[in-house]
Amino acid sequence: MENMKITSSSLTSELDMQIKFFKYGTKTKGKDKSGAYLFLPDTDAKEIDYNKPEIFIVEGPLISEVIVMLKDVEHHVLLKNSPGFDGAGIEIYNLINIASENNKELVMRFITNITSEKQEFYTDLNGLQMIKRRYIKKLPIQGNVYPVTTMAYFEDNRTRFTFLTSHSVGATCLQPGRREALFLVITLPLELKTLSEATLEP
């Protein structure tokens, strides 16, 4: 778990944020199963073990970085000292050990003090425009996860939290101010079977 307090350059607003990592188990029984193209969790997400993480802090005139070494995740947070747009945000990337788990969905969860009571958020449509999304309680979680190819955001009357990604992920807003980014899907046995079907066809 990582706690942050982000202050705007004009010192007019602050954002409290936590980053946590969770795992979903995958549904492996029944007609529909999780795989390379389906997100079908079997239970609620469970927080990963943070037992005695190694933490490294690197500070310099151009870049400052925090590295957190967890059991299966190497978590990096970078802040660039630049007057341009690259210095206006925080860069986050993760290195994942995919050999240590089978049939698990790994999730990075952002918890903020943004109060979006209707649980509304916005995702891009193939990078062309933004569309409003809303969490629908009567649907299971897989029905509330939406694709994000370039960016997503949620906001209240004072603050907007924008999430830019270098590759396609899934996103949802399970509770007001809490947003999940499904940035990696680990379903090795099922994916190998699913993805090999096309090559095995006559």
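See the structure printed just above.
This section reports on the structure supplied with the text. Since the model is a prediction, treat every value here as computed from it, not as a measurement. Counting from 1, residues in each chain are numbered in the order their sequence is written. In keeping with the predicted nature of the model, local features appear solely for residues at pLDDT of at least 70, side-chain atom pairs appear and are counted solely at 80 or more, and the whole-chain, interface and lining totals rest on all residues. To obtain the side-chain values, all non-hydrogen atoms of the structure were included, while hydrogens and water were left out.

**Quick word on the sheet that holds strand β12 (residues 151-155)**
Let me state the cut-off plainly: Two strands qualify as a pair provided DSSP detects at least 2 bridges between them. Secondary structure follows DSSP: runs of H or I at least 4 residues long count as helices, runs of E at least 2 residues long count as strands, and numbering of each begins at the N terminus. Here, axes are lines fitted to C-alpha atoms. For helices the fit covers the stretch in contact, and angles between N-to-C directions go from 0 to 180 degrees.
Judged by pairing direction, the sheet is antiparallel, and its 4 strands sit side by side in the order β10-β9-β12-β13 without closing on themselves. Looking along the sheet, the strands with just one partner apiece sit at the ends: β10 (130-134) and β13 (160-164). When the angles between neighbouring strand axes are averaged without regard to direction, this sheet yields 25°. Judged from the 5 bridges that link them, strand β9 (residues 120-124) and β10 form a sheet pairing that is antiparallel. Bridging from a neighbouring strand, Asp124 pairs with Met130 of β10.

**Some words on the pattern of salt bridges**
So the rule is basically this: Note on definitions: salt bridges are taken to be side-chain nitrogens of Lys or Arg within 4 Å of carboxyl oxygens of Asp or Glu. In this scheme, a residue with accessible area under 20% of its type's maximum is buried, one over 50% is exposed, and one in between is partly exposed, where area comes from a 1.4 Å probe on protein chains only.
Following the criterion strictly, the structure yields 5 salt bridges and no others. The salt bridge partner of Lys23 is Asp72, with a shortest N-O separation of 3.1 Å. Taken together, the positions of Lys23 in strand β2 (residues 14-25) and Asp72 in the loop between β5 (63-69) and β6 (73-80) put the pair 49 residues apart, joining distant regions of the chain. Across this residue pair, the class does not change: Lys23 and Asp72 are buried. Connected through shared salt-bridge partners, Glu120, Lys132 and Arg134 make up one network.

**Concerning the nonpolar core**
Rules: For this analysis, a nonpolar core means a set of buried residues of the types Ala, Val, Leu, Ile, Met, Phe, Trp, Tyr and Cys, connected via side-chain atoms within 4.5 Å.
Core analysis: the biggest nonpolar cluster contains 23 residues, and Ile19, Phe21, Ile48, Leu70, Val73, Phe110 and Phe161 have the highest contact counts within it. Contributing elements (two or more residues each) for this core: β2, β8 (104-112), β11 (146-148), β12, β13 and β14 (169-175). Broken down by element, the residue count for this core peaks at 4 residues, all from β2. Membership of the second largest hydrophobic core comes to 8 residues, among which are Phe39, Ile141, Val145 and Leu174.

**What to know about the sheet that holds strand β4 (residues 54-59)**
Judged by pairing direction, the sheet is antiparallel, and its 4 strands sit side by side in the order β4-β5-β6-β7 without closing on themselves. In this open sheet, the two strands that pair with only one neighbour each are β4 and β7 (90-96). Within this sheet the neighbouring strands show an average axis-to-axis angle of 15°, counted without direction.

**Some remarks on the pairing of β2**
Most of β2 sits out of view: 9 of its 12 residues are buried. Pairing of β2 with β8, which is carried by 9 bridges, proceeds in the antiparallel orientation. Across the sheet, the residue bridging to Lys20 is Arg109, located in β8. Where β2 lies against strand β3 (residues 46-47), 2 bridges are found, and the strand directions are antiparallel. Its bridge partner being in β3, Lys23 is matched across the sheet by Lys46.

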